[in-house]
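One letter stands for each residue in the lines below.
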Amino acid sequence: MKPREQFMDKAQGLFAGLGSQHDQDAEQGEDEARRDPLRFRTIWISDIHLGTTGCQAERLLEFLRATESDTLYLVGDIIDGWQLKRRWYWDQSHNNVVQTVLKKAKKGTNVVFVPGNHDEVIRQFIDLDFGGIKIRDELVHVTADGRRMLVLHGDRFDGVIACAKWLAYVGDSLYTMILKFNQWFNSWRARAGLPYWSLSQYLKSKVKNAVSYITSFEDALADEARKRGLDGVICGHIHKAEIRDIGGVTYCNDGDWVESLSALVEDPSGELRLVSWQEIMQLKRAAKEARHAARDLVPA
């Protein structure tokens with residue numbers, strides 16, 4: 001069997017079969033984390049890159065367990081097929097992420113998976129459902145305040161992906177090296193009591209060509225939404241969380257879970273905003289402390 005066919009078999013098994021497995025590790029700490037979850041109308045997350053050592057699966061698990069939503073969009077690059085074809089890596093925490101998403105779907109969350117370039121193998125299942133998860137190429141989301149937002153991963157508007165995929169593979173290898181260094185560096189920062197910091201995000205903000213590339217990508221996505229008569233666009237792909245107006249079109253990028261650890265959320269009124277893992281954890285800690293304080297005030 002060819003390596004690509006082997007990968008496809010494994011990916012299909014992971015995606016379609018994990019829901020039937022009972023995983024005790026996925027339950028650890030879940031009851032406490034799910035108490036009084038932070039509720040949103042909609043959550044968008046992308047670029048998780050399960051199957052890589054750079055994936056921040058443990059932090060994503062904390063985020064997923066601390067939040068609930070009517071709809072959860074997985075906006076591409078959830079599973080990193082590029083890396084898995086080179087070397088099979090699947091940590092228990094990656095398994096737990098899949099379990100948690102499947103459990104949300106089973107309990108009534110509308111889960112929609114929009115595949116990206118790293119998990120493009122899933123695109124053969126467009127318009128099918130697996131484990132309660134809808135597979136869609138792209139779609140239009142209508143916010144509570146009536147705005148119509150195009151939802152797609154965004155890789156088709158990346159000139160490198162479209163015109164020189166070999167260069168994208170080279171860039172992916174270099175990016176993986178940066179992430180490995182970033183992982184080591186942040187382990188040191190954690191031991192020193194310092195907050196998480198992303199080297200690659202810093203480099204992107206300082207290197208002129210990277211800034212130009214990101215701007216071109218954002219403009220292209222906004223222009224596509226404009227051509228379709230839509231109010232905005234929501235995407236992932238470039239690992240740069242952003243909300244901004246581009247010529248009257250609302251451009252939103254939900255970020256990623258290897259660097260920025262961010263998500264896009266919609267509140268009940270339709271307002272869109274970016275949230276980080278750090279912010280959600282702080283809100284959960286504050287809620288827990290408030291519960292304990294209220295309990296202490298109750299007479300014995």
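Just above, that's the structure.
Description of the structure in this document. On a predicted model such as this, the values are computed, not experimentally measured, just so you know.

1. Brief notes about the pattern of salt bridges
For the structure on display, the rule yields 16 salt bridges. Residues D219 and R244 are paired through a salt bridge, measuring 3.9 Å at the closest nitrogen-oxygen approach. Taken together, the residues span a long stretch of sequence, with D219 in helix α9 (residues 208–227) and R244 in strand β9 (residues 242–246) at a distance of 25 residues. A relative accessible area of 35% places D219 in the partly exposed class. Residue E279 pairs with R273 through a salt bridge whose shortest N-O separation is 3.1 Å. On the basis of relative accessible area, E279 is assigned to the partly exposed category, the value being 26%. When salt bridges with common partners are traced through the structure, they connect D137, E138, R156, E224 and R228 into a single cluster.

2. A look at the sheet that holds strand β2 (residues 67–74)
Taken in spatial order, the seven strands of this open sheet run β4-β5-β3-β2-β1-β11-β12, and their pairing is mixed. Of all strands in the sheet, those bounded by a partner on one side alone are β4 (129–130) and β12 (272–276). In terms of strand pairing, β2 meets strand β3 (residues 110–113) through four bridges, oriented parallel. Across the sheet, L74 pairs through a bridge with F113, a residue of β3.

3. Quick notes on the nonpolar core
Counting residues in hydrophobic clusters, the biggest one holds 39 residues, and the most contacted among them are I45, L50 and F63. It is helix α3 (residues 57–66) that provides the largest number of residues to this core, a total of six residues. Those residues within four positions of L50 in sequence are excluded, and the remaining contacts are C55, I78, I79, D80, L84, W90, H94, V97 and V98. Membership of the second largest hydrophobic core comes to 14 residues, among which are I214, L230, I238 and Y251.

4. Side note on the pairing of β9
Examined bridge by bridge, β9 and strand β10 (residues 249–253) share five bridges and lie antiparallel to one another. Bridging from a neighbouring strand, R244 pairs with Y251 of β10. Two successive antiparallel strands, β9 and β10, enclose a turn made up of two residues, where G247 displays a positive phi of approximately 60°.

5. Quick notes on α3
Of all 10 residues making up α3, seven are buried, and the element is well covered by its neighbours. Restricting attention to buried positions, one finds in α3 the residues A57, L60, L61, F63, L64, R65 and A66.

6. A closer look at the environment of V140
Relative to the helices and strands, V140 resides in strand β6 (residues 139–142). V140 sits 10 residues away from L150 along the chain, and the two C-alpha atoms are 4.6 Å apart. With residues up to four places along the chain from it excluded, the contact list for V140 reads R148, M149 and L230.

7. Observations regarding the environment of G146
Mapped onto the elements of the fold, G146 is located in the loop between β6 and β7 (148–151). Residues G146 and D231, spaced 85 residues apart in sequence, show a C-alpha to C-alpha distance of 9.4 Å.

8. Regarding the sheet that holds β9
What the five strands build is an open sheet, ordered β6-β7-β8-β10-β9; its pairing is mixed. Strands at the two margins of the open sheet, each flanked by one partner only, are β6 and β9. Averaged over neighbouring strand pairs, the angle between their axes works out to 25° when direction is ignored.

9. Let's talk about the packing of aromatic side chains
One pair of aromatic rings is described through two measures. These are the centre distance and the angle between the planes. What the rule picks out here adds up to four aromatic pairs. Relative to Y73, the ring of W44 lies with its centre 5.5 Å away and its plane at 5°, an arrangement referred to as stacked. Taken together, the residues W44 in strand β1 (residues 38–45) and Y73 in strand β2 connect sequence positions 29 residues apart. Across the pair, exposure class does not vary: W44 and Y73 are buried alike. Taking NZ or CZ as reference, R59 lies 4.7 Å from the ring centre of W277, over its face.

10. Notes on the side chain of T250
Inspection of the secondary structure puts T250 in strand β10. Overall, the relative accessible area of 18% leaves T250 in the buried class. Beyond its immediate stretch of four places on either side in the chain, T250 contacts R147, M149, D231, G232, V233, I243 and R244.

Cut-offs used in this document
Residues numbered from 1 in each chain as written. Predicted model: local features only at pLDDT ≥ 70, side-chain atom pairs only at ≥ 80, totals over all residues. Heavy atoms only, no water. Salt bridge = Lys/Arg side-chain N within 4 Å of Asp/Glu carboxyl O. Helix = DSSP H or I, 4+ residues; strand = E, 2+ residues; numbered from the N terminus. Buried < 20%, exposed > 50% of the residue type's maximum accessible area, 1.4 Å probe, protein only. Pairing = 2+ DSSP bridges. Core = buried A, V, L, I, M, F, W, Y, C linked by side-chain atoms within 4.5 Å. Contact = heavy atoms within 4.5 Å. Axes fitted to C-alpha atoms, helices over the stretch in contact; angles between N-to-C directions. Phe/Tyr/Trp six-rings, centres within 6.5 Å; stacked < 30°, edge-to-face > 60°. Lys NZ or Arg CZ within 6 Å of the ring centre and 35° of its normal.

No statement about biological role is implied by the geometric values presented.
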